[in-house]
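# Inside the fold
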Amino acid sequence: MGIFGKHKDPFFVQLEDQAAKAEEACAALCAYCATPTEECGDKVKNIEKEADDIRHKLCDELYATFITPIDREDLYRLSGTIDDVTDYAWNTVKESRIYGIVPDAACAEMSATLLEIAKEMHKCVSLIETDTKASDAAAVRVKKLENQLNKQFHQAVAALFEQDDIKKILKYREVYNHLNHASDMADHAADMMLTVLVKK
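Now for a quick tour of the structure. All residue numbers refer to position in the chain's written sequence, counted from 1. Note on the predicted model: pLDDT of at least 70 is required for a residue's local features to be given, and 80 or more for side-chain atom pairs to be given and counted; whole-chain, interface and lining totals, by contrast, use all residues. Derived side-chain values reflect all non-hydrogen atoms in the structure, with water molecules and hydrogen atoms excluded from consideration.

## Here's the deal with the overall build of the protein chain
Helix and strand labels come from DSSP, where a helix needs a run of H or I of at least four residues and a strand needs a run of E of at least two; each type is numbered from the N terminus. A count of helical and extended segments in the protein chain gives 6 helices and 0 strands. Secondary structure elements of the protein chain, listed N to C terminal, follow the sequence α-α-α-α-α-α. Since a compact globule built from 200 residues should have a radius of gyration of about 16 Å, the 17 Å found for the protein chain is in line with a globular shape. By its C-alpha atoms, the protein chain is 60 × 30 × 25 Å across when sized along the principal axes. Summary of the burial criterion: residues with accessible area below 20% of their type's maximum are buried, those above 50% are exposed, and those between are partly exposed, where the area comes from a 1.4 Å probe applied to protein chains only. The buried share of the protein chain, reckoned over its 200 residues, is 50%. Contacts are residue-level and defined by heavy atoms, with any inter-residue pair within 4.5 Å sufficient. When contacts within the protein chain are restricted to residue pairs at least 6 apart in sequence, long-range pairs at least 24 apart make up 81% of them. Radius of gyration here uses only the C-alpha atoms, and the compact-globule reference equals 2.2 Å multiplied by the residue count raised to the power 0.38.

## With respect to helix H3 (residues 72-98)
The end-to-end C-alpha distance of H3 is 38 Å, a good match for the 39 Å that 27 residues give at a rise of 1.5 Å each. The residue sitting at the N-terminus of H3 and contributing the capping side-chain oxygen is Asp71; that oxygen lies 3.0 Å from the backbone nitrogen of Glu73. In this analysis, the expected span of each helix is defined as 1.5 Å times one less than the number of residues it contains. For this analysis, a polar contact is any N or O atom pair within 3.5 Å, provided that within protein one partner can donate a hydrogen and the other can accept it, and provided that sequence-adjacent residues contribute only side-chain to side-chain pairs.

## Some words on the packing of aromatic side chains
Side-chain rings of Phe, Tyr and Trp, where Trp is taken by its six-membered ring, are said to pair if the distance between their centres is within 6.5 Å; with planes under 30 degrees apart they count as stacked, over 60 as edge-to-face, and otherwise as tilted. Scanning all chains against the criterion turns up 1 aromatic pair. Charge over a ring is defined by NZ of Lys or CZ of Arg lying within 6 Å of the ring centre and within 35 degrees of the ring normal. Its guanidinium or amino end placed over the ring of Tyr76, Arg55 lies 4.5 Å from that ring's centre, counting from NZ or CZ.

## A look at the nonpolar core
If you look at the biggest cluster of nonpolar residues, it comprises 60 residues, and the most contacted ones within it are Leu15, Leu29, Ile82, Met110, Met121, Tyr176 and Met193. Listed by contribution, the elements that provide at least two residues to this core are helix H1 (10-34), helix H2 (38-64), H3, helix H4 (105-127), helix H5 (132-160) and helix H6 (166-199). Here this core gets 15 residues from one element, more than from any other, and that element is H6. Setting aside anything within four residues of it in sequence, one finds Met193 in contact with Leu78, Met121, Cys124, Val125 and Ile128. Residues belong to a common nonpolar core when they are buried Ala, Val, Leu, Ile, Met, Phe, Trp, Tyr or Cys residues joined through side-chain atoms within 4.5 Å.

## Section: the packing of H1 against H2
Packing of H1 against H2 brings their axes to within 9 Å, and their N-to-C directions diverge by 165 degrees. Accordingly, the angle class assigned to the pair H1 and H2 is roughly antiparallel. For H1 against H2, the interelement crossing comes out left-handed. The class makeup of the residues in the contact of H1 with H2 is 14 nonpolar, 3 polar and 8 charged. With axes taken as lines fitted to C-alpha atoms, and helix axes fitted only over the stretch in contact, angles between N-to-C directions fall between 0 and 180 degrees. Orientation labels follow simple angle bins: below 35 degrees gives roughly parallel, above 145 gives roughly antiparallel, 65 to 115 gives roughly perpendicular, and whatever is left gives oblique. Each crossing gets its handedness from the near helix: less than a right angle anticlockwise from the far helix is left-handed, clockwise is right-handed. Just so you know the grouping, Ala, Val, Leu, Ile, Met, Phe, Trp, Tyr, Cys and Pro go in nonpolar, Asp, Glu, Lys and Arg go in charged, and all remaining residues, Gly too, go in polar.

## Considerations on the environment of Leu179
Positionally, Leu179 belongs in helix H6. Given the relative accessible area of 0%, Leu179 is considered buried. Those residues in contact with Leu179, other than ones at most four positions away along the chain, are Leu29, Thr92, Cys107, Met110, Ser111, Leu114 and Leu149.

## Some words on the side chain of Ser135
By secondary structure assignment, the location of Ser135 is in helix H5. Residue classification places Ser135 among the buried residues on the basis of a relative accessible area of 0%. Contact partners of Ser135, with chain neighbours within four places excluded, come to Cys124, Leu127, Ile128 and Leu197.

## Details of the pattern of salt bridges
When charged atoms on two side chains of opposite charge get close, those side chains can pair. The term salt bridge refers to a pairing of a side-chain nitrogen on Lys or Arg with a carboxyl oxygen on Asp or Glu at a separation within 4 Å. Applying the stated criterion to the full structure yields 9 salt bridges. Across the pair Glu116 and Lys119 runs a salt bridge whose closest N-O atoms are separated by 3.5 Å. Linking Glu116 with Lys119, this pair stays in helix H4, spanning 3 residues, or about one helical turn. Its relative accessible area of 34% is what places Lys119 among the partly exposed residues. For Asp191, the salt bridge is made with Lys143, and the minimal N-O distance between the two is 2.7 Å. With Asp191 in helix H6 and Lys143 in helix H5, this residue pair connects regions lying 48 residues apart in the sequence. For Asp191, a relative accessible area of 31% puts it in the partly exposed group.

Now the structure itself:
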């Protein structure tokens with residue numbers, strides 16, 4: 001039985017749907033890094049649009065609802081931060097297209113770590129009502145994996161600056177930044193979820 005009743009609160013269902021889309025987008029991003037075709041890139045874009053629809057629906061219902069399962073501001077900010085993870089996954093693809101570059105080994109490595117982060121974030125959200133201990137543990141794993149991706153990011157940027165092609169350096173650094181920002185957003189989401197768990 002959930003904390004707020006036998007059935008999951010609709011807002012938690014929507015948050016879980018958002019987290020599922022973030023995981024799906026990160027999986028599609030990994031596929032794009034392995035096979036950077038237009039079709040693979042468009043899949044990330046389409047998932048991002050679907051995630052936006054879920055976010056908009058949650059916000060519409062939040063404005064129309066007087067009683068929410070957690071603090072209204074917490075709910076709004078958590079939804080937005082989860083959505084940011086999906087946005088940055090798409091931005092990674094979008095800017096690689098704009099700059100005319102293909103994902104390199106560093107992109108693939110960071111994307112794989114980002115997918116693990118998204119999986120744990122999804123798990124954390126899905127358990128936040130029913131299993132506080134497991135949800136807490138998933139949030140902590142998100143934060144540990146974010147540290148891992150941050151190290152990968154700095155190593156990748158350092159390797160970039162060993163090269164002489166300044167245009168290539170700048171283009172790839174921008175793409176790397178999106179992957180790093182995605183993990184930062186997941187880390188912020190984990191902090192928010194830990195706060196929600198404490199408040200319960």
